[in-house]
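# Architecture and fold: a report
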Amino acid sequence: MQNPLAKFMPQFGGEYPKPFMSLFKKMTLPLNGDQESLKTTVWTAYDFAKHHHEGQKRSSGKPYFEHCLAVGQILASWGMDQNTVIGGLLHDTIEDTKVTFQDLEQRFGKDIAELVDGVSKLGGIKFSSRQAKQAGNFMKLLLSVAKDLRVIIIKFADRLHNMRTISFLPEKKQIRIAEETKEIYIPLAHRLGMAAVKWELDDLVLKTLHKTEHMEIEKKLKASKKERDKIIQNVILPVKRELKKYNIDANICGRVKSHSSIFGKMQKRGKSFEEIFDIYAIRIIVDKVEECYLALGIIHQMYSPVQDRFKDFIATPKSNGYQSIHTTIIDSKGQLTEIQIRTREMEQTAEIGVAAHWRYKEDKATTPDLDSNIKWLRELVNILKDESSDPAEFMNLLKIDMFDDEIFVFTPKGDLEKLPVNATPIDFAFQIHSEVGLHCLGCKINHKIVPLNTKLKNGDMLEIITSATQEPSYGWLKLVVTTKARTHISRYLRAIESETSIKIGKDILEKTLRRLKRMDDMKEINESFAKFGLNSLEQLYESLGDGTILVRDIFKKLKPKEHIQIEEDEQERQERFIDLARSSSKGIKLQGIKDLMVSFGKCCNPIPGDEMVGFITRGRGLTVHRTNCNSLPILSKESDRLIPVEWDFSKKELFSARIKVISQDSPGILKKMSECISSVNINISSVDLKVTDNFATAYFIVKVNNVKQLDRMMKKLIAIKEIDFVERTDK
Ligand code: MN
């Protein structure tokens, strides 16, 4: 009996839909693989993509899924492995549907999920003419983002289908896409040796951007077809006969060159269509390399070759890996005809270039690994060493994976920014504009909010969130690697620092004058800065704030005759004030910042050894918290006011810490706890004990030097057999 599920799920014995079967038949499958299970896998992807694109339409009005299927079919026709074809079916799911990377990973595995993810990343990039200069970078990026070249191959299949159906789009969009194809994809196809893809894209671009010329060539090609076929047959038949005599089984055909290459020749040589002789070529495909040379010899015996038009790309392959022999002969009617001779394998490579490396080899049906890909790149680099045609550029293109010192990321508009490795969103923000950097509040990478210390990766799409009230902090200096960011941040912080000193200086002056009951002198003092070699009142306050000028120095200079009784310890007092205001007084070292009042967060009571962070409060100086304190404004708009602080271990001070101990309620338990604490030389400042349901909960406030000492004590406590739980607590 048929499985009742089969009606909906063909994998249970039902009939698969025709479009699926046409795709599946095109696929090259490993000979030793389980065909049925492969079919089910491909079907699952087919069904999944179809389901998730349900309801979406293309500009042509056709269901969106037809595009996905077409991309899968192109990949299948190139002989790509099953994961790449499935990647093609699913290539728009992350970008255009609710499907996530995780969904794909769960259902189809990491390899396929990563392929689709790679394609989506490239999909976010829109190339516009203002980026023309970036074409080189763009190609580098394509290659480096696509750690896996299969991503590029899927992208090419996608682009090919989009170009084939471009006429349905509004004209403006047509032009943009055609230009992008021309600037980026065609040169890349050429470099990757994907001749057939390049050929077709070339024509489609010409058709879009130069409609009239394309039509003209089309018309003339049609008109001259009969005559051309005659000429071609005139050569093919005798050659075929002759090769047979030598037991060479050759596949011979005549092919017209691409419209765009004819167009290019007409333009470059300034000739009319009729004057171009090499609009077609005869291609001879044989089995073995030796046969190529044998065939060449035979042909040169039959017809005289044109001397300077012979090229042996078998002995010396082109930089993109292309191999073939090209020769031009004069046929019996005196016509010039180009003949290309190559093996089947060379033909395949010429058709799809790099893609050929993911084809199933006839003898072994293994999934190609990245190793062979890298090997291929290396071989290509070796080939380049013998090549004279612009190898430097191509080398650079390939080297991107081998050099790790730069990365490329995207702006939301799809512009590319080049950054050094280890760069963070802050570097990126400053690279965009110093104002964006200075007000950088947060960052989204690939639409997800990330911390500002996130290291950027190749191909990340960044969106900087700014806020007018946001300012750089000292911590930022640790996060940036570009000079531009560092310079801007330091400059800004220096300005802030002097601002703080100015405030403190003014405070000192006012307090001292008030105590001396000499507020009337304020005006005179405020106008006296020039007498101290300073340029402004601010500079005078700043000098008072950082202690380089004392209040008594001011009086000495302004009122030398009045022996104003500033108490002996006035200088000391000012120093003490500054010292108090200075972070180091509490055993804390701050980087670069000085002259701030320091207090400890009551919420978390940090002690030496704790990881800490300082929070600049408005008007109350710096409050120091433990980094894991809940009341810290992480990610809020005040997170910029956090600065890194360190303990100054040269200071020996005692700090309070609070611990919670839970134990069974047994006689003398409190005594046991207290003795344990005292045994590690720690003083207890207070104890609070509650007993409920046979459990005792004790809170101790102890005086410790540092975390190590506290930890030691806590370990000793927990070792007591009645004690179940020991914890440092803030409440
Ligand atoms: Mn697509």
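To be clear, the structure that these remarks concern was listed above.
Reading the values: rules and limits
- Residues numbered from 1 in each chain as written.
- Predicted model: local features only at pLDDT ≥ 70, side-chain atom pairs only at ≥ 80, totals over all residues.
- Heavy atoms only, no water.
- Pairing = 2+ DSSP bridges.
- Helix = DSSP H or I, 4+ residues; strand = E, 2+ residues; numbered from the N terminus.
- Axes fitted to C-alpha atoms, helices over the stretch in contact; angles between N-to-C directions.
- Contact = heavy atoms within 4.5 Å.
- Phe/Tyr/Trp six-rings, centres within 6.5 Å; stacked < 30°, edge-to-face > 60°.
- Buried < 20%, exposed > 50% of the residue type's maximum accessible area, 1.4 Å probe, protein only.
- Lys NZ or Arg CZ within 6 Å of the ring centre and 35° of its normal.
- Salt bridge = Lys/Arg side-chain N within 4 Å of Asp/Glu carboxyl O.
- Donors = N, O, S within 2.8 Å, 3.2 Å for Na, K, Ca; no water.

All right, on to the sheet that holds strand β11 (residues 462-466) then. The antiparallel open sheet is built from 3 strands, whose spatial order is β10-β9-β11. Each edge of the open sheet carries a strand with a single partner, namely β10 (448-450) and β11. Shown here is a sheet whose adjacent strand axes are inclined to one another by a mean of 35°, direction ignored. Of the pairings in the sheet, the one linking strand β9 (residues 440-445) to β11 comprises 5 bridges and is antiparallel in character. By the bridge assignment, Gly-442 is partnered in β11 with Ile-465. In the packing of helix α19 (residues 425-432) onto the sheet, the strands contacted are β9 and β11, and the crossing angle to β11 comes to about 80°.

Counted by the stated rule, this structure contains 9 aromatic pairs. Both rings, one in Phe-156 and one in Tyr-185, keep their centres 5.7 Å apart while their planes meet at 85°; by these two values the pair is edge-to-face. Of the two residues, Phe-156 is situated in helix α9 (residues 149-164) and Tyr-185 in helix α10 (residues 171-191); the sequence distance between them amounts to 29 residues. The pair formed by Phe-156 and Tyr-185 is uniform in burial state, with each residue classed as buried. Of the aromatic side chains, those joined through ring pairs into one cluster are Tyr-16, Phe-20, Phe-24, Trp-43, Tyr-46 and Phe-65. A cation sits over an aromatic face here: Arg-58 above Tyr-64, 5.9 Å from the ring centre.

Applying the stated rule across the entire model yields 21 salt bridges. Linking Arg-342 and Glu-347 is a salt bridge whose minimum nitrogen-to-oxygen distance equals 2.9 Å. Each of the two residues, Arg-342 as well as Glu-347, counts as buried. A salt bridge links Lys-559 to Asp-521; the nearest nitrogen and oxygen atoms lie 3.5 Å apart. Taken together, the residues Lys-559 in the loop between α25 (551-558) and α26 (570-581) and Asp-521 in the loop between α22 (483-516) and α23 (522-526) connect sequence positions 38 residues apart. The pair Lys-559 / Asp-521 is uniform in exposure class, with both members buried. Here the salt bridges do not stand alone but share partners, grouping Arg-518, Asp-521, Glu-524 and Lys-559 into one network.

Another aspect to go through is the coordination of the manganese ion. Note on metal geometry: ideal angles are 109.5 degrees for four donors arranged tetrahedrally and 90 or 180 degrees for six donors arranged octahedrally. Note on the manganese ion: its protein donors are His-67 (NE2), His-91 (NE2), Asp-92 (OD) and Asp-158 (OD). The metal-donor distances range over 2.2 to 2.3 Å. Every donor residue of the manganese ion comes from the same chain, spaced as H-x23-H-D-x65-D. Of this pair, His-67 sits in helix α3 (residues 65-77) while His-91 sits in the loop between α4 (82-89) and α5 (93-96); the two residues are 24 residues apart in sequence, bridging distant segments of the chain. One exposure class covers both His-67 and His-91, and it is buried.

Taken together, the 4 strands give an open sheet; going across it, the order is β18-β19-β17-β20, and neighbouring strands pair in antiparallel fashion. With one partner strand each, in any of the chains shown, β18 (683-692) and β20 (723-728) form the two edges of the open sheet. For this sheet the average axis-to-axis angle between neighbouring strands, irrespective of direction, equals 15°. Relative to strand β19 (residues 695-704), β18 is paired through 9 bridges, and the arrangement is antiparallel.

Keep in mind these numbers describe shape, not what the thing actually does.
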